[in-house]
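# Chains, contacts and geometry: an overview
Letter by letter, the chains look like this.
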Amino acid sequence: MVAGVDLGGTKILVGLADLQGRILARAEEPTEHGADAPVLRQIPRMILSLLQENRERGPLLKAVVGVPGAVSPETGLASLSPHLAIPADQPLAALLARALPCPVVVENDVNLAAFAEATLGKGQDQDSLAFIAFGTGVGMGLVIGGKLFRGRHGRAGELGFLPLGPNPHQAAPQARAGLFEDQVDSPAVRSLYGDGTLPVAEIFARALAGDRQAVAAIETLAKSASVGLAAVQALFDPALIVLGGGIGSRREFVDAVKRHMPMLLPFETRIEATGIGPEAGMLGALMLGLTDHAAIEKAEKQEAVR
């Protein structure tokens, strides 16, 4: 079996799958927070509990864990994860593997959602895909030729830091989260309506009910978001851009973004909403684990033949 984990700021979702990709079990718990990173004990405990319940299925061969931060392919160190007290000076994979009977891979959570979209979702027949999550913040994963594109330091897709505005050198040091993210995250959406305290979901609900101020807020949000999408399309030219997250998966937001794209680019950009849902991170972790295992098996067989 392989295990897939989606570690979020509020909850952890764990899944087990067999080597044919069939999901055997799932578990979900609220994320444990604390200065001593209790989540590093919680994740192995959840995996081992599912493993015990399914021990007749065979051994656990690999665990893939998605985290909300950049993970260096060279060092395994995680960074840019302010909402979780996870060690920045020790490889998370090595720390988690101490309590598990298999190798562990740690990957950015949006990268894993992108991999799920590329292998199970709307990108199955595409040679390249960009998955962009709009919600509490903004993040992006790139899959090119069936493989994740991580960048040298694992920071490919940190779209929130896209420098925007007439004087980004002056504005960037004062940015709350990043110049682009400051325009499209949940606080930015709330600031566009009333006194800035209404939940984002309620703003969308009021827009659907015909509230003009809510409609204008979503239109402003979509116009700002289209700038980031245009940059992605111009730089990487993916065959498909898939939008996800609590904001990005909403049809009215996707439609509004599409309306603004032709004004920015002289060529077509294919944009769709995700159809996978909130388990995308966990499913992507499982699929990456299965892909890695298949690649290792193939290499071992080729070596045996030689």
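Residues numbered from 1 in each chain as written. Predicted model: local features only at pLDDT ≥ 70, side-chain atom pairs only at ≥ 80, totals over all residues. Heavy atoms only, no water.

### Observations concerning the pattern of salt bridges
With the rule as written, the count across this model stands at 15 salt bridges. One salt bridge in this structure joins Arg-57 and Glu-56, with 3.9 Å as the shortest N-O distance. Here Arg-57 and Glu-56 have matching classes, each one exposed. Of the charged contacts in the structure, one is a salt bridge between Lys-122 and Glu-272, with a shortest N-O distance of 3.6 Å. Here Lys-122 is found in the loop between α3 (109–120) and β8 (128–134), whereas its partner Glu-272 is found in strand β12 (residues 271–273), with 150 residues between them in sequence. Where salt bridges share partners, they join Glu-29, Glu-32 and Arg-45 into one cluster. (Salt bridge = Lys/Arg side-chain N within 4 Å of Asp/Glu carboxyl O. Buried < 20%, exposed > 50% of the residue type's maximum accessible area, 1.4 Å probe, protein only. Helix = DSSP H or I, 4+ residues; strand = E, 2+ residues; numbered from the N terminus.)

### Section: the packing of aromatic side chains
Inspection of every chain in the model, using the stated rule, returns three aromatic pairs. These aromatic residues form a ring-pair network of at least three members: Phe-134, Phe-180 and Phe-253. Here the basic side chain of Arg-250 rests over the ring of Phe-204, its NZ or CZ set 4.5 Å away from the ring centre. (Phe/Tyr/Trp six-rings, centres within 6.5 Å; stacked < 30°, edge-to-face > 60°. Lys NZ or Arg CZ within 6 Å of the ring centre and 35° of its normal.)

### So, helix α1 (residues 39–53)
Across its 15 residues, α1 extends 21 Å between first and last C-alpha, which sits within 8% of the 21 Å expected from 1.5 Å per residue. By the burial criterion, the buried members of α1 are Val-39, Leu-40, Gln-42, Ile-43, Pro-44, Met-46, Ile-47, Leu-50 and Leu-51. Considering only its buried residues, α1 is in contact with β1 (2–7), β2 (11–17), β3 (23–30), β4 (62–67) and α2 (92–97). (Expected span 1.5 Å × (residues − 1). Contact = heavy atoms within 4.5 Å.)

### Here's the deal with the environment of Met-1
With respect to the helices and strands, Met-1 occurs in the segment before β1. When its relative accessible area of 5% is taken as the criterion, Met-1 is described as buried. Considering only alpha carbons, one finds Met-1 and Arg-176, 175 residues apart in sequence, at a separation of 42 Å. Discounting chain neighbours no more than four positions away, the residues touching Met-1 are Leu-16, Ala-17, Asp-18, Leu-24, Leu-51, Asn-54, Arg-57, Gly-58, Pro-59, Leu-60, Leu-61 and Lys-62.

### Digging into the packing of helix α7 (residues 200–208) against helix α8 (residues 212–236)
α8 packs onto α7 with a crossing angle of 115 degrees between their chain directions and a minimal axis gap of 7 Å. As for how α7 packs across α8, the hand of that crossing is left-handed. In this structure, α7 contributes Ile-203, Phe-204, Arg-206 and Ala-207 to the contact, and α8 contributes Ala-214, Val-215, Ala-217, Ile-218 and Leu-221. Of the residues that constitute the contact of α7 with α8, the class distribution is eight nonpolar, no polar and one charged. (Axes fitted to C-alpha atoms, helices over the stretch in contact; angles between N-to-C directions. Left-handed = near helix turned anticlockwise from the far one by under 90°. Nonpolar A, V, L, I, M, F, W, Y, C, P; charged D, E, K, R; others polar.)

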